[in-house]
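Topology and contacts: notes
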Amino acid sequence: MPLMAVTTGFRIDSPYTWLILLGTIAAYHLGKYRRTGVLLGLAFLLKIPAGLLFFYFLRKKAYRVVIVSMATFLLFMLASILMFGFDLHMDYYREVIQA
């Protein structure tokens, strides 16, 4: 049941999804590249289809955004693995991602 809550909690029609995506775009246009990277990294963590934004920033050569987003993603993934264990993450990968 917890996996179901994670996968359905942040759908594209969720207000949180739109807030994160709009915040990412707004922060980038304001020149707040670190903030943009953190929001983009959080979008990846929340399973938002943010891959297109990631490639957009990569194409724009906004390397600071790309690096900060990947660092944010990796930091939170490491914290999650340390808190909940690697086995739970592998179960999630097998049951949700590969399904």
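Preceding block: the structure.
For every chain, the first residue of its written sequence is number 1, and the numbers climb from 1 along that sequence. Given that this is a predicted model, residues contribute local features only at a pLDDT of at least 70 and side-chain atom pairs are listed and counted only at 80 or more, while totals for whole chains, interfaces and linings are drawn from all residues. In computing side-chain properties, one takes all heavy atoms of the structure into account and sets aside hydrogens as well as water.

1. What to know about the pattern of salt bridges
Whenever Lys or Arg places a side-chain nitrogen within 4 Å of a carboxyl oxygen from Asp or Glu, that contact is recorded as a salt bridge. Under the counting rule described, the total for this entry stands at one salt bridge. Arg 94 is the salt-bridge partner of Asp 91, the closest N and O atoms lying 3.0 Å from each other. Residue Asp 91 and its partner Arg 94 are both found in helix α6 (residues 86-97); the two are separated by three residues, about one turn of the helix. Secondary structure is summarised from DSSP: a helix means a run of H or I of at least four residues, a strand means a run of E of at least two, and numbering begins at the N terminus for each.

2. Topic: the nonpolar core
The nonpolar core is taken to be a set of buried Ala, Val, Leu, Ile, Met, Phe, Trp, Tyr and Cys residues, with the residues joined through side-chain atoms within 4.5 Å. Burial classes: relative accessible area under 20% of the type maximum marks a residue as buried, over 50% as exposed, and values in between as partly exposed (1.4 Å probe, protein chains only). If you look at the biggest cluster of nonpolar residues, it comprises 12 residues: Ile 20, Leu 21, Tyr 28, Leu 40, Ala 43, Ala 50, Leu 53, Phe 54, Phe 57, Ala 62, Val 65 and Val 66. Throughout, a residue-residue contact means that at least one pair of heavy atoms, one from each residue, lies within 4.5 Å. Not counting the four nearest positions on each side in its chain, Tyr 28 is found in contact with Tyr 33, Thr 36, Phe 57, Lys 60, Ala 62 and Val 65.

3. Describing the side chain of Thr 72
The residue Thr 72 is located in helix α5 (residues 63-84) in this model. On the accessibility criterion, Thr 72 (8% relative accessible area) is buried. Excluding residues within four positions of it along the chain, Thr 72 makes contact with Gly 37, Val 38, Gly 41, Leu 42 and Leu 45.

4. With respect to the side chain of Thr 24
When you line up the elements, Thr 24 lands in helix α2 (residues 15-29). The term polar contact refers here to a pair of N or O atoms within 3.5 Å; inside protein, the definition further demands a hydrogen-donor-capable atom paired with an acceptor-capable atom, and it admits residues adjacent in sequence only when both atoms are side-chain atoms. There is a polar contact of 2.7 Å between the side chain of Thr 24 and the backbone oxygen of Ile 20. Those residues in contact with Thr 24, other than ones at most four positions away along the chain, are Thr 36, Leu 39, Leu 40, Leu 53 and Phe 57.

5. A few points about a nonpolar patch on the surface
Patches in this entry comprise residues that are over 30% relatively accessible and not in a salt bridge; like charges within 9 Å are linked, as are nonpolar side chains (Val, Leu, Ile, Met, Phe, Trp, Tyr) within 5 Å. All accessibility values rest on the Shrake-Rupley procedure with a 1.4 Å probe; residue burial counts only the protein chains present in the view. There is a patch of nonpolar side chains on the surface, built from Phe 55, Leu 58, Tyr 63 and Ile 67 and spanning about 430 Å² of accessible area. Among the secondary structure elements, those contributing two or more residues to the nonpolar patch are α4 (51-59) and α5. Under the relative-accessibility criterion, Leu 58 is labelled partly exposed at 35%.

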